[in-house]
Amino acid sequence: SLRTDPALDALEMGLWTRRRDGHDTSQLVHHSDRGSQYLAVRYTERLADAGAVASVGSRGDSYDNAMAEALNSLFKGELVRNRGPWKNIDDLEIAVAEWVDWYNHRRLHGEIGLVPPVEYENTHHAARTTTSDPTDASKRGFHASMKAGT
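Conventions used here
- Residues numbered from 1 in each chain as written.
- Predicted model: local features only at pLDDT ≥ 70, side-chain atom pairs only at ≥ 80, totals over all residues.
- Heavy atoms only, no water.
- Helix = DSSP H or I, 4+ residues; strand = E, 2+ residues; numbered from the N terminus.
- Contact = heavy atoms within 4.5 Å.
- Areas by Shrake-Rupley, 256 points an atom, 1.4 Å probe, with all protein chains shown as cover.
- Core = buried A, V, L, I, M, F, W, Y, C linked by side-chain atoms within 4.5 Å.
- Buried < 20%, exposed > 50% of the residue type's maximum accessible area, 1.4 Å probe, protein only.
- Pairing = 2+ DSSP bridges.
- Axes fitted to C-alpha atoms, helices over the stretch in contact; angles between N-to-C directions.
- Parallel < 35°, antiparallel > 145°, perpendicular 65-115°, else oblique.
- Left-handed = near helix turned anticlockwise from the far one by under 90°.
- Nonpolar A, V, L, I, M, F, W, Y, C, P; charged D, E, K, R; others polar.

For the protein chain, the helix and strand inventory stands at seven helices and two strands. Secondary structure of the protein chain in N-to-C order comes out as α-β-α-α-β-α-α-α-α. In the protein chain, of all internal contacts separated by at least 6 residues, the share reaching a separation of at least 24 is 47%. As presented, the protein chain carries roughly 10700 Å² of accessible surface, and 56% of it is formed by carbon and sulfur atoms.

Rendered as structure tokens:
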């Protein structure tokens, strides 16, 4: 359907990027709201094929979706309101791709030690694959560092 296709395209790009970077997509947790595009049969089948688990917020509960809503607000404030309007859809698509690339690869995120999200995630994955001792703190990655208060 018209609403499912863009969501499926984004999912495919995310899965492709993970696999390209050597990350396992099984046990991936996919958070979304209860939008029809995320509950569509084709979408849920694709998640299952990838080994991903769907996490859909409960009806009327905004807590599970709070991080996504915060990102949407940031996106609108930094890109849509500050750089628009665009001449056409092609210009908008390029602007969105540039913003997402900046957000993931160059934006310094204060909650993760003033490094870009991709750098933090790569460090996390590298730490998990360089140790064979499951009791090693680096094996526990992000959760261990959060408990330690870093």
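Here we take up the nonpolar core. Counting residues in each nonpolar core, the largest one holds nine residues, listed as A7, L8, L11, L15, A40, Y43, L47, A50 and A52. If you list the elements that add at least two residues to this core, you get α1 (4-20) and α3 (41-50). A total of four residues in this core trace back to one element, the largest contributor, which is α1.

Consecutive side chains of a regular strand alternate in pointing toward one face of the sheet and then the other. Covered by surrounding structure in strand β1 (residues 29-32) are H30 and S32 only, the residues V29 and H31 on the alternate face being uncovered. Two strands pair when backbone bridges link them, and β1 and strand β2 (residues 53-56) are joined in this way by four bridges, in the parallel orientation. Each residue of the ladder has a partner; that of S32, found in β2, is V56.

Closest axis-to-axis distance for the helix α4 (residues 66-83)/helix α5 (residues 89-105) pair is 11 Å, and the angle between their directions is 130°. When the axes of α4 and α5 are compared, the pair comes out oblique. As α4 runs across α5, the sense of the crossing is right-handed. Facing L71, L74, F75, E78, L79 and R83 of α4, the residues of α5 in contact are A95, V96, E98, W99, W102 and Y103. Residues that form the contact of α4 with α5 fall into these classes: nine nonpolar, no polar and three charged.

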